[in-house]
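# Chains, contacts and geometry: an overview
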Amino acid sequence: MRFFAYMVDSIIVFFALLAVRLFLLGASGLVEGTVFEGNILFQYTLKDIVLYAAQIVYFVLFTYCTGTTPGKRLLSLRVCSADGGELTFLDVLYREVIGRFLCGLFLGIGYIVAGIDKQKRGIHDMLSDTRVIYGKKIKVYPVYQAQAAPPVPPYGGQTPPVYHPPVPPVSRQVTKEQQPPQPPQGGQYHMVPPQQMPVQNERADNEKPENKRPGERDS
């Protein structure tokens, strides 16, 4: 992913440097016959220095201001420090100037190291103690939960009354054997309780002819 991001940035830098080259081509007459016409730094001319500086400005400004470049942003990559904090300007400048210069030596061996390292670090990442991470932003929709109302005790905190269903009346049926004897209707006899029976004189019972002994006379 970092390789494709670098290819996208390289295409953008190519067209940006093309515009700078056209500007320098028109301004070449201003430095003709001066000290800036020949080599200034070793074998590098003023044109080479300006083109290299323009390339460095592209990577430094985008990385420091946004933490990424257009190519990295296209693939959701970001540059951060090893502890996950914000990048300082000196770290970015050291990474994009010294680090990229060393990565370009020996057929770009500094960039190839990023494919071997477990943390995907290039030489410029190791020197500046930075990391390139995948930082795609995902839109998160918050979920709000309604706050439950506190429970209200019934009947003002007192014990609710217990409902007792009405008990239906029990109809008691009296059998014929359990009924008290009834007096005969329309007759001359009726039943009298024993305590209300008349007590007869025992003597009168003995005076009855059937109770006298033979040979006994009336006195």
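This text follows the structure it describes.
These lines cover the structure that appears in this document, whether it is placed above or below. If you're wondering where the values come from, they're calculated on a predicted model, not measured in any experiment.

Turning our attention to the side chain of H124. Secondary-structure assignment places H124 in helix α6 (residues 123–128). Judged by its relative accessible area of 2%, H124 is buried. Among residues more than four places away in sequence, those in contact with H124 are R2, R95, G99, R100, C103, Y111 and T130.

Our next topic: a nonpolar patch on the surface. A contiguous nonpolar surface patch, about 1100 Å² in accessible area, is contributed by Y52, Y94, I98, F101, L102, L105, F106, I109, I112, I116 and L127. Among the elements of the structure, α4 (89–103) and α5 (105–116) are those that each provide at least two residues to the nonpolar patch. At five residues, α5 tops the list of elements feeding residues into the nonpolar patch. Mapped onto the secondary structure, L102 falls in helix α4. Relative accessible area serves as the criterion here: at 35%, L102 is assigned to the partly exposed category.

So, on to the pattern of salt bridges. According to the stated counting rule, one finds six salt bridges in the structure shown. Measuring nitrogen to oxygen at the nearest pair gives 2.6 Å for the salt bridge that ties E96 to R95. Per residue, the accessibility class of E96 equals that of R95, and both read buried. Residues R131 and D129 are paired through a salt bridge, measuring 3.6 Å at the closest nitrogen-oxygen approach. Here D129 falls in the partly exposed class, since its relative accessible area comes to 43%. Members of the salt-bridge network, linked through shared partners, are R2, R95, E96, R100 and D125.

Rules and cut-offs
- Residues numbered from 1 in each chain as written.
- Predicted model: local features only at pLDDT ≥ 70, side-chain atom pairs only at ≥ 80, totals over all residues.
- Heavy atoms only, no water.
- Helix = DSSP H or I, 4+ residues; strand = E, 2+ residues; numbered from the N terminus.
- Buried < 20%, exposed > 50% of the residue type's maximum accessible area, 1.4 Å probe, protein only.
- Contact = heavy atoms within 4.5 Å.
- Patch = residues over 30% accessible without salt bridge, like charges linked within 9 Å, V, L, I, M, F, W, Y side chains within 5 Å.
- Areas by Shrake-Rupley, 256 points an atom, 1.4 Å probe, with all protein chains shown as cover.
- Salt bridge = Lys/Arg side-chain N within 4 Å of Asp/Glu carboxyl O.

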